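One letter stands for each residue in the lines below.
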Amino acid sequence: MAIVRRKCFISYHHADQEAVNQFVKDFDHESDCFIARGLGEEMPGDIIQSTNTDYIMRRIREKFLGGSTVTIVLMGRCTWARRYVDWELQSSLRRGEMTTPNGLLGIKLPSFGGFPARFNGNLSNDWPRVDCYARHMDYPESTAELVANIEAAFQRRTTHAKMIVNPRERMSYNRQC
């Protein structure tokens, strides 16, 4: 059976660039299990040069999130503390008349330091965290495992959309890690 390649926006902290590059190389370039969208060395895109938060959010939606259906958050030691990750998650979870939110999949890198607050708000407090909007996993051991989790996140866009927690306020500054 052919794999459905979802367009996935990759959100991460740039301190994890090497691990992110390897992830994209292994699972997009070589295994073809998703199509990467985002800012980074292994993904086509320009850096957005601005200090205007609303402009940055709009450009992220237009250039990178538009057309993607799942947001993958690659979570390293300090990802939880980064304002741009929070902003990307907020944009990913936006709902509207003409907008379907992205599915949300967190992947723990070996240096995992904790969930970003907006991601954590979309997890259940009950264990196992099944009945919630976001999905998370350890670093994938196989293409099949990653594809199954991407597809589960994709399906939750419609089956679990009512569970989205996306407060309007966003991080103004990076937190101390």
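None of these values were measured; they are calculated from a predicted model. (Residues numbered from 1 in each chain as written. Predicted model: local features only at pLDDT ≥ 70, side-chain atom pairs only at ≥ 80, totals over all residues. Heavy atoms only, no water.)

### Description of the overall build of the chain
So, point 1. Broken down by element type, the chain carries five helices and five strands.
So, point 2. Scanning the chain from its N terminus toward the C terminus, one meets helices and strands in the order β-α-β-α-β-α-β-α-β-α.
So, point 3. Relative to the compact-globule value of 16 Å for 177 residues, the chain shows a C-alpha radius of gyration of 15 Å, a close match.
So, point 4. With the C-alpha coordinates of the chain rotated into their principal frame, the extents come out at 45 × 35 × 35 Å.
So, point 5. Per-residue burial for the chain yields a buried fraction of 46% across its 177 residues.
So, point 6. For the chain, long-range pairs separated by at least 24 residues make up 75% of all intrachain contacts whose partners lie at least 6 apart in sequence.
So, point 7. Accessible surface for the chain amounts to roughly 9,400 Å². Of this, 48% is attributable to carbon and sulfur atoms. (Helix = DSSP H or I, 4+ residues; strand = E, 2+ residues; numbered from the N terminus. Rg over C-alpha atoms; globule rule 2.2 N^0.38 Å. Buried < 20%, exposed > 50% of the residue type's maximum accessible area, 1.4 Å probe, protein only. Contact = heavy atoms within 4.5 Å. Areas by Shrake-Rupley, 256 points an atom, 1.4 Å probe, with all protein chains shown as cover.)

### Thoughts on the pattern of salt bridges
A pair can form between side chains of opposite charge whenever their charged atoms are brought close.
So, point 1. Per the stated rule, a full pass over the model turns up eight salt bridges.
So, point 2. A salt bridge links Arg5 to Asp32; the shortest N-O distance between them is 3.8 Å. With Arg5 in the segment before strand E1 (6–12) and Asp32 in the loop between helix H1 (17–30) and strand E2 (34–37), this residue pair connects regions lying 27 residues apart in the sequence.
So, point 3. Taking the shortest distance from any N to any O, the salt bridge between Arg59 and Glu62 comes out at 2.9 Å. Highlighted residues: Arg59 and Glu62, both in helix H2 (residues 53–65), separated by three residues, approximately one helical turn.
So, point 4. Of the residues examined, Glu62 reaches a relative accessible area of 43% and is grouped as partly exposed.
So, point 5. Taken together, the salt bridges that share partners define one network made up of Arg5, Asp28 and Asp32. (Salt bridge = Lys/Arg side-chain N within 4 Å of Asp/Glu carboxyl O.)

### Quick look at the sheet that holds strand E4 (residues 103–108)
So, point 1. Strand order in this open sheet of five strands is E2-E1-E3-E4-E5, and the pairing throughout is parallel. One side of each edge strand has no neighbouring strand; the edge strands of this open sheet are E2 and strand E5 (135–138). For this sheet the average axis-to-axis angle between neighbouring strands, irrespective of direction, equals 30°.
So, point 2. The sheet contact formed by strand E3 (residues 70–75) and E4 spans six bridges and is parallel. By the bridge assignment for E4, Ile72 is matched with Leu105. (Pairing = 2+ DSSP bridges. Axes fitted to C-alpha atoms, helices over the stretch in contact; angles between N-to-C directions.)

### Side note on the side chain of Asn149
So, point 1. Among the structural elements, Asn149 can be located in helix H5 (residues 143–159).
So, point 2. Owing to a relative accessible area of 12%, Asn149 belongs among the buried residues under this scheme.
So, point 3. Within the structure, Asn149 has its side chain in polar contact with the backbone oxygen of Glu145 (distance 2.9 Å).
So, point 4. Once residues within four sequence positions are removed from consideration, Asn149 is found in contact with Leu105, Arg135 and Met137. (Polar contact = N/O pair within 3.5 Å; in protein donor to acceptor, adjacent residues only side chain to side chain.)

### A short note on H5
So, point 1. Here H5 is 17 residues long and its end C-alpha atoms lie 24 Å apart, about the 24 Å a rise of 1.5 Å per residue gives.
So, point 2. Where H5 is buried, its residues meet E1, H1, E2, E3, E4 and E5. (Expected span 1.5 Å × (residues − 1).)

### A short note on the confidence of the model for the chain
So, point 1. Put simply, the chain has an average pLDDT of 88, and 90% of its residues get 70 or more.
So, point 2. Element-level mean pLDDT values for the chain span from 80 in H2 up to 98 in E3. (pLDDT = per-residue confidence, 0-100.)

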